[in-house]
Each structure stands twice: as structure tokens, then as C-alpha cells.
Amino acid sequence: MRPVDPARGGHRPLGLDEYTLAPGFWEERQRTNTDATLAHCEEWMERLGWLANFDRVAEGTTGPDRPGWCFSDSEVYKLMEALAWEHGRTGDPGADTALRRLTERVARAQDPDGYLNTCYGHGGQEPRYSDLEHGHELYCTGHLLQAAVARARTAGPADPLVQVARRAADHVCAAFGPDGSQGLCGHPEIEVGLAELGRALGEERYLEQARIFVERRGHGTLRGERVPSGSPYFQDDVPVREARAWRGHAVRALYLAAGAADVAVETGDAGLLAALERQWEHTVARRTHLTGGMGSRHQDEGFGEDWELPADRAYCETCAGIASVMVSWRLYLATGDVRYADLIERTLFNVVAVSPSTDGRAFFYANPLHQRTAGGAPDGEAPSPRAESGVRAPWFDVSCCPTNLARTLASWQGYAASAEEHGLTLLQYAAGTVRGPLGDGRTLGVEVATGYPDDGLVTVRVTEPPPGPVVLRLRVPSWARGAVLEEAGRTREAAPGFAVVERELVRGEEIRLRLPVEPRLTRPDPRIDALRGCVAVERGPLVYCAESVDLPAGADLDGVVVDPTVPPVRDGDRVRLSGAVLPPDAAPWPYGAAPGQGPEQGKSGPVEAVLTPYHSWAERGPTAMRVWLPVLS
């Protein structure tokens, strides 16, 4: 039961049933996903007619009045994937019933040759594949295949959903194989769906078709007249293995990279894998926000140029964060490089965890690092037309993020640990039990006790030691300088990377990793023009932010300045930082005056800025917010 299961490589992901969460940060969010978000998504898609689109195809009553965007089928498939993981992980009969109900409606809409789409190819609709740039047909099919992968790995290949997906994949191979259309989809996703379904079913044709799509990309096949950035929007300007960095639409770029990584690993293409590693390194260093968010332009929902990372115009779509996790996980499994797990942690806590409300029924689509004005209350009865509002909305006109969150949270364990030939690696920390079959046939079982990220102590108790020496690795995040490992009566410093215990383990013994989770100030790279003269506050893996609801009455968040010479102080789950607030009537600096010489001097008053974890901003109602804070001159 693994979302990603490469046939090659020295690092094997654990299955969802091999890591059981206990109460804590991620168990709470996974439980909310189970109890609220899954049903919430189905209810909205039923209400808006997105599910009925499949019924209309089956009944022959389609027409130009079809509700929803052309890619609304994909939201149904992402929900189905979430339900499959949910049932496989928990055995919940309700999830199984819901998935079977949806499968029946979807299957009835499939054409005899395997084609399956509710927006094209039927009465009153445009012909099949008549708009490869923007029609999203293959994109939708890719999500169908990923849903089927989840079902195949949790219920077996004979399941009806798997059979629907097999017919759809066969159709794609026939329609777009070497003897078919030489086209490709404007929104990558079919690549990762085909590759993973090929793995799940042992079908080499699907992997080969994924490879074909990856190699076709970057030759100007897709017309870019309808988007401002042209072919880079589709990543169709440069072949994948020649690109320097990820560019264009962020979700498209990252889904393509995930599919390309699958192809590189399965085919042993070291050159392609190396290209993806270079692109990851360049993009993370120069085009990624402090939160791990990707996409700095609202136009095209895309990447900007190097160092173009304005906090108030950051787009950081939730789906891009999820896609970033997908790519980084594949690269970690292929290489074992701890950097990929570090980025996954940053993105999980500061993009994925930010989007859903505590009740699991409202979501952020975009995740800026600076909200200048408090957003208005969302309409709970209609989809939000704005992706970049300052409040979580129950649903969106384009609602790719809620269902993407649902499938990601349902399968969180699949990104948390890996097994090697002779050992086990814990990559993401959450309380629970882990039982990992090792590559050499032995099994290592441990129990993890931790209050992470509130507490930096991670205690690993051995519950099922294998005979003979074994390797247990605990990730030490890049920010955790001064971490300490305690084991076998010894204490030693644990540098960022992996803290390694390599010996025979004893049942009941405890190994403790102490990570420093006190608040720290972070300064931006000076090449980021928009952030010069600012600092941010982090604590452990969490990014913090200031909210206007915590300011003195009448104070403006844009007037907050902080003193970087005074260390931030933790206060429960908040952080206090010394600074000042310029009153609203303070005059601005005149043009040509140096900072510190304007008429505003002497009008500011000392204040202790109260910062809250970024993942919980706007939970107390609409509010202005900022992550990067100007420093006192």
C-alpha cells in the first residue's frame, strides 16, 4: 500500500499499513480528513453537478450546458484515490462504499474503446483531443490512473476501478503511441499516472508511453497563443533533460518532473535523473519561498525568474506544494539524499498543513506570505471565484486543491519513512508505530513517541528487533544545529543529515533524538530584492507570521518593525519578538531621505510582536498577515 513504489533503488517506501499514527499533529489532520473533508468534497461535487456529468454521458444526454470546468472529472478521481487509500489504511467500510458508488457511475460513462471524459467526444461537445493545450483530457485520465493505482494496491488488480483504468490506459497507448497522434497534453499528469499504473500492474507498455510523453515535451508542439508566457507555460520550450530550472505553470512543471523521475528510475536513465536533480537544486535555491511554496506569479500560476520571490505576490498554490512533495519523494527514493526529505518537511508543515481549516471544510488555494488586507467572509453556499483570497473558502470554482489535499493526507504515511537493505530510516516525525520489512527479509519494529513539532524530543523505542546488526537512521533537519542523539548510554552530537545507529538492537531499549526547536531569526538571501531589510521567524520546521488581530487597537500591520538584535522568545505555540509599530498618522520618508531621517522618527512606540504559526493563520477570522518583517533601521 504505497503511493510510490519504484522497482529500482536502495530505498523502499513503507506502506500505509506499516506506519500507524498516534495522536499528534498529523494524526489530527488525517482524522479530520477522514471525518469531514472526504464527505465534504463529494457533497460539493454532487451539488454542482460534476458527478452527474458521468451520468449524462452514460445516458446520452450530454450537451453544451455541462457544469464545471473541463477538468472537473479529475477532482472526482482525486477523491476516489483518497477513498482508496483511506479504506486500505483503516478498513473503513464507509470509504469502501463511497468508492464503489463512484466507481459505478464513472464506469458507466466509459466508451467502448476505453476513452473516458465527460467534456469532450459526446453529443453537443467538441471532438476528442481537439484542444490538447487546454482541454485536460489526458490530465484527467492521469488522475483516473492514479486512483486505480491506489485501489490496485489496497484491494487488488481485479477491482472494477482498476479495470476501468486499464481500458483507459490501453486507449491512450493506442491513440498516442508511436503509430498514433504525436500530440501531448498541455497539463502533465498522464506521465505519472501511466508510470505508476505500469508499476502496479506490471505492464511495460504503460511505462513506455509515459517515457514517450516525457520525451515529446519541450519541442514546441503545444500552441501558446492563449497564455501570456507562451510555450514555457506548458514546459514545452526546452526538452526535460535540457532544462536548467522549473518554469512556467508550477503545478504542470512539478507533475511533469514527478513523471519524468518515475521514467528515469524505471528505465535506469541516469542522465534524465541527473537533469531532474539539477532542476530541483536550482529551483529550491532560487525560486522557492521560505515556506517551501512554489510559484511566485499570479499570472500563469507560475514560477518567476531567479530571486523573484515577493512575499505579497507569492502564489504558492496548495497543489504546487503537493506536487513538490511528489517530486522530492521520488528523488529521495532514487538517491537517498536527505535534502529532499528536508524540503518535504518544510512543505508539509507550511503549505499542506496551512490550506485546510481546523474543521476540514474550508481551504486556501493560494498561500501568500503577506496578506495586506483582511479578506472578506466567504460565501458558504457558492464556490469562491477567487483563488487568492485571504480567507479559506468551502469550495472554489476551480477546486483542485481540496481533493488534492484529501488524497495527500489520506496517504501521509507513504512519505514518512523508508526501508533499506539492512535498515530503517525515519524521515518525518510523528507519534506512532512503525513496522518495516527490510530488504534482507528481516523486520524492524519501533514505537515513536514525540510531541513534534511543539517538542523537539523524538523517542524511538525498539519493539521488534531483528536478529543481528541493523541500521536505524533518524533524519536531522538542516536547521537543527546542536541536535543530540542519546543511545546505549552514550550522548553524541548529531549533525544535520542522518543520525545513525548501527548495531544489534535490544527489545525495549530507547533511542532519543533531541532537536533544538527554539525560535530563530532567518534572513533572506540579499539577491531577493523584495525581502531586503526583513527577517522571518522559524521554530523547528514551522514558519511564523504576524497577524493584525494581535496588534494594539488602531495599529497597522504594515507599520510593524522588529529589532533583530533581540532574540525571539517562545510563548507556548507563539513567539514574541521585540519591535515597534509606526502609528497610522506617521509621515512617510520623503524621497531622497535616508532611513532614520524621515519625520516619522520619534512617533513609533515599542511593542512586542506576537507571532503565530503560519499554518494556523486566519483561523481566528479574516486578518492581515505577514511572514517577512522589516527590521528597525
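Anything mentioned here points back to the structure above.
As a starting point, this report considers the structure included with it. (Residues numbered from 1 in each chain as written. Predicted model: local features only at pLDDT ≥ 70, side-chain atom pairs only at ≥ 80, totals over all residues. Heavy atoms only, no water.)

**Describing the overall build of the protein**
Each helix and strand in the protein was counted, giving 13 helices and 22 strands. Computed over its C-alpha atoms, the radius of gyration of the protein comes to 25 Å, within 12% of the 26 Å expected for a compact globule of 633 residues. With the principal axes as the frame, the protein shows a C-alpha extent of 75 × 65 × 45 Å. Taking all 633 residues of the protein together, 62% fall into the buried category. Within the protein, counting contacts between residues at least 6 apart in sequence, those at least 24 apart form 68% of the total. Looking at the protein as shown, the accessible area adds up to about 22,600 Å², and 50% of this sits on carbon and sulfur atoms. (Helix = DSSP H or I, 4+ residues; strand = E, 2+ residues; numbered from the N terminus. Rg over C-alpha atoms; globule rule 2.2 N^0.38 Å. Buried < 20%, exposed > 50% of the residue type's maximum accessible area, 1.4 Å probe, protein only. Contact = heavy atoms within 4.5 Å. Areas by Shrake-Rupley, 256 points an atom, 1.4 Å probe, with all protein chains shown as cover.)

**Describing the packing of helix α11 (residues 318-335) against helix α12 (residues 338-352)**
Where α11 contacts α12, the axes come no closer than 9 Å and their chain directions differ by 160°. With respect to their mutual orientation, α11 and α12 come out roughly antiparallel. Every pair of crossing elements has a handedness; the one defined by α11 and α12 is left-handed. Judged by residue contacts, Thr318, Gly321, Ile322, Ser324, Val325, Ser328, Trp329, Leu331, Tyr332 and Thr335 of α11 engage Tyr340, Leu343, Ile344, Thr347, Leu348, Val351 and Val352 from α12. Each residue belonging to the contact of α11 with α12 can be placed in one class, and the counts come to 11 nonpolar, six polar and no charged. (Axes fitted to C-alpha atoms, helices over the stretch in contact; angles between N-to-C directions. Parallel < 35°, antiparallel > 145°, perpendicular 65-115°, else oblique. Left-handed = near helix turned anticlockwise from the far one by under 90°. Nonpolar A, V, L, I, M, F, W, Y, C, P; charged D, E, K, R; others polar.)

**Comments concerning the sheet that holds strand β8 (residues 457-464)**
Taken together, seven strands build an open sheet; the order of strands is β2-β6-β7-β8-β13-β10-β11 and the sheet is antiparallel. Of all the strands in the sheet, the pair left with one neighbour each is β2 (19-21) and β11 (490-493). The average angle at which neighbouring strand axes cross in this sheet is 20°, direction not considered. Across four bridges, strand β10 (residues 484-487) lies against β11 in antiparallel orientation. Directly across from Glu486, in β11, lies its bridge partner Thr491. (Pairing = 2+ DSSP bridges.)

**A closer look at the packing of helix α3 (residues 72-90) against helix α13 (residues 400-410)**
Where α3 meets α13, the closest approach of the two axes is 8 Å, and the angle between their N-to-C directions is 20°. Judged by the angle between their axes, α3 and α13 are roughly parallel. Regarding α3 and α13, the two cross each other, and that crossing is left-handed. Along the contact surface, α3 presents Glu75, Lys78, Leu79, Glu81, Ala82, Trp85, Glu86 and Arg89, while α13 presents Cys400, Thr403, Asn404, Ala406, Arg407 and Ala410. Among the residues making up the contact of α3 with α13, the classes are represented as six nonpolar, two polar and six charged.

**A few points about the environment of Arg56**
Tracing the chain through its elements places Arg56 in helix α2 (residues 52-59). Remark: the alpha-carbon pair of Arg56 and Ala195, spanning 139 residues in sequence, is separated by 31 Å. Apart from the residues within four sequence positions on either side, Arg56 is in contact with Thr61, Thr62, Gly63, Asp65, Arg66 and Pro67.

**Describing α11**
With 18 residues, α11 should reach 26 Å at 1.5 Å per residue; the first-to-last C-alpha distance of 26 Å fits that figure. Burial analysis of α11 places 16 of its 18 residues in the buried class, which makes it a mostly covered element. (Expected span 1.5 Å × (residues − 1).)

**Details of the packing of aromatic side chains**
Taken as a whole and assessed by the stated rule, the structure comprises 21 aromatic pairs. Ring geometry for Tyr19 against Trp412: centres 6.0 Å apart, planes inclined by 80°, an arrangement best described as edge-to-face. Of this pair, Tyr19 sits in strand β2 while Trp412 sits in the loop between α13 and β4 (417-419), and the two are 393 residues apart along the sequence. Side by side, Tyr19 and Trp412 carry an identical accessibility label, which is buried. Centre to centre, the rings of Phe176 and Phe213 are 5.9 Å apart; their planes meet at 55°, and the pair counts as tilted. In this pair, Phe176 sits in helix α6 (residues 160-176) while Phe213 sits in helix α8 (residues 204-216), placing the two residues 37 residues apart along the sequence. Given the relative accessible area of 1%, Phe176 is considered buried. One aromatic cluster in this structure is built from Tyr19, Phe25, Trp26, Phe349, Trp412, Tyr429 and Tyr452. (Phe/Tyr/Trp six-rings, centres within 6.5 Å; stacked < 30°, edge-to-face > 60°.)

**With respect to the pairing of strand β13 (residues 510-514)**
On β13, burial follows the alternation: Ile511 and Leu513 on one face are buried, whereas Glu510, Arg512 and Arg514 on the facing-out side are not. Relative to β13, β8 is paired through five bridges, and the arrangement is antiparallel. Within the sheet, the bridge partner assigned to Arg461 lies in β13 and is Glu510. Across three bridges, β10 lies against β13 in antiparallel orientation. When the sheet's bridge partners are listed, Leu485 is paired in β13 with Leu513.

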